[in-house]
Amino acid sequence: MKGNKRGKETDKLLLEAIRRYPGLSQYELAEKLGWRSGHVDGSVRRLVKSKKAFLRIIERDGRRVNLVYPEEYKPSNLIEVPSDLLEVDNPTWSDKAFLYALDSSTIGVSGREVDEWREMSCFTESTPITKDNEKIVFKIPERFWRFYDLDGKHRVVSINGNNLLITVSGYIVEDKKYPS
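Parameters at a glance
Residues numbered from 1 in each chain as written. Predicted model: local features only at pLDDT ≥ 70, side-chain atom pairs only at ≥ 80, totals over all residues. Heavy atoms only, no water. Phe/Tyr/Trp six-rings, centres within 6.5 Å; stacked < 30°, edge-to-face > 60°. Helix = DSSP H or I, 4+ residues; strand = E, 2+ residues; numbered from the N terminus. Buried < 20%, exposed > 50% of the residue type's maximum accessible area, 1.4 Å probe, protein only. Salt bridge = Lys/Arg side-chain N within 4 Å of Asp/Glu carboxyl O. 1 Å grid on protein atoms, 1.4 Å probe; cavity = no way out; pocket = protein on both sides within 12 Å on 5 of 7 lines; lining within 4 Å. Points joined across faces, edges and corners; volume = space filled by probe spheres on them. Nonpolar A, V, L, I, M, F, W, Y, C, P; charged D, E, K, R; others polar. Expected span 1.5 Å × (residues − 1). Arc of directions from axis to C-beta.

Enquirer: How should the packing of aromatic side chains be read in this particular structure?
Expert: Taken as a whole and assessed by the stated rule, the structure comprises seven aromatic pairs. Centre to centre, the rings of Phe123 and Phe147 are 5.2 Å apart; their planes meet at 85°, and the pair counts as edge-to-face. Of this pair, Phe123 sits in the loop between helix H4 (115-120) and strand E7 (124-131) while Phe147 sits in helix H5 (residues 142-147), and the two are 24 residues apart along the sequence. On the basis of relative accessible area, Phe147 is assigned to the partly exposed category, the value being 44%.

Rendered as structure tokens:
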């Protein structure tokens, strides 16, 4: 019984981390939590079996990688970034996001026009943002969605100064929702 209680607590903590950081690999989750990989693996298996999480299997650089998502995760063309990670009180992130197709796998996003990015981009576009005390939200324009094939690829959003980089990598092979 003691192990079962510890497993439930582990699962609860891991599910909180998965909800906070959807799309990390089991290895990345173990690093973030300071846990052993086997500890995370067992908990992920229980969470998938109990339909609280699912695995998205992607192929990146010839290798398959299992990414873990909470069951309620819905892929979307919306990008949400916590306001406290960007300087949103200044005019930079006031009403628009400026997107730049920097290369075949990177989209640069800024709250202001960036001349250097515009010069090197294949194309650019701006899109309205919504902003509150907790987050800024914007929609990835259709042209970017199609160019980067975002229906079939994995993406990661990272922060670089007061700008965002959306890195598109890895083809989605399958979503593994329930054990076979």
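Enquirer: I'm lost on the pattern of salt bridges in this one. Help?
Expert: Opposite charge on two side chains permits pairing when their charged atoms draw close. On inspection of all chains with the given rule, the structure shows ten salt bridges. When the shortest N-O distance is used, the salt bridge between Arg46 and Asp11 registers 2.9 Å. Here Arg46 is found in helix H3 (residues 37-49), whereas its partner Asp11 is found in helix H1 (residues 2-20), with 35 residues between them in sequence. Judged by its relative accessible area of 38%, Arg46 falls in the partly exposed class. Exposure remark for Asp11: the relative accessible area of 12% places this residue in the buried category. With a shortest N-O distance of 2.7 Å, Arg19 and Glu72 are connected by a salt bridge.

Enquirer: Sorry, what's going on with the layout of surface pockets here?
Expert: Empty space among the atoms becomes apparent when a probe as large as a water molecule is rolled across them. In this structure, the largest pocket occupies an estimated 1200 Å³ of space. Along the wall of the largest pocket there are 38 residues; nearest its centre are Pro22, Tyr73, Glu80, Arg155 and Val157. With seven residues, strand E9 (residues 153-160) is the single largest residue contributor to the lining of the largest pocket. Here the residues of the lining of the largest pocket sort into 20 nonpolar, six polar and twelve charged.

Enquirer: Explanation requested: H3 in the structure shown.
Expert: Because each turn of an α-helix spans 3.6 residues, side chains separated by three or four positions in sequence point in the same direction. For H3, with 13 residues, the first-to-last C-alpha span of 18 Å sits near the 18 Å given by 1.5 Å per residue. The complete set of buried residues in H3 reads Val40, Ser43, Val44, Leu47 and Val48. When H3 is viewed along its axis, its buried side chains cluster within an angular range of 135° and face the same direction. Facing away from the buried side of H3, by more than 90 degrees, are the exposed residues Gly38, Arg45 and Lys49. Looking one or two residues past H3, Lys51 carries a phi angle of roughly 65°, positive in sign.

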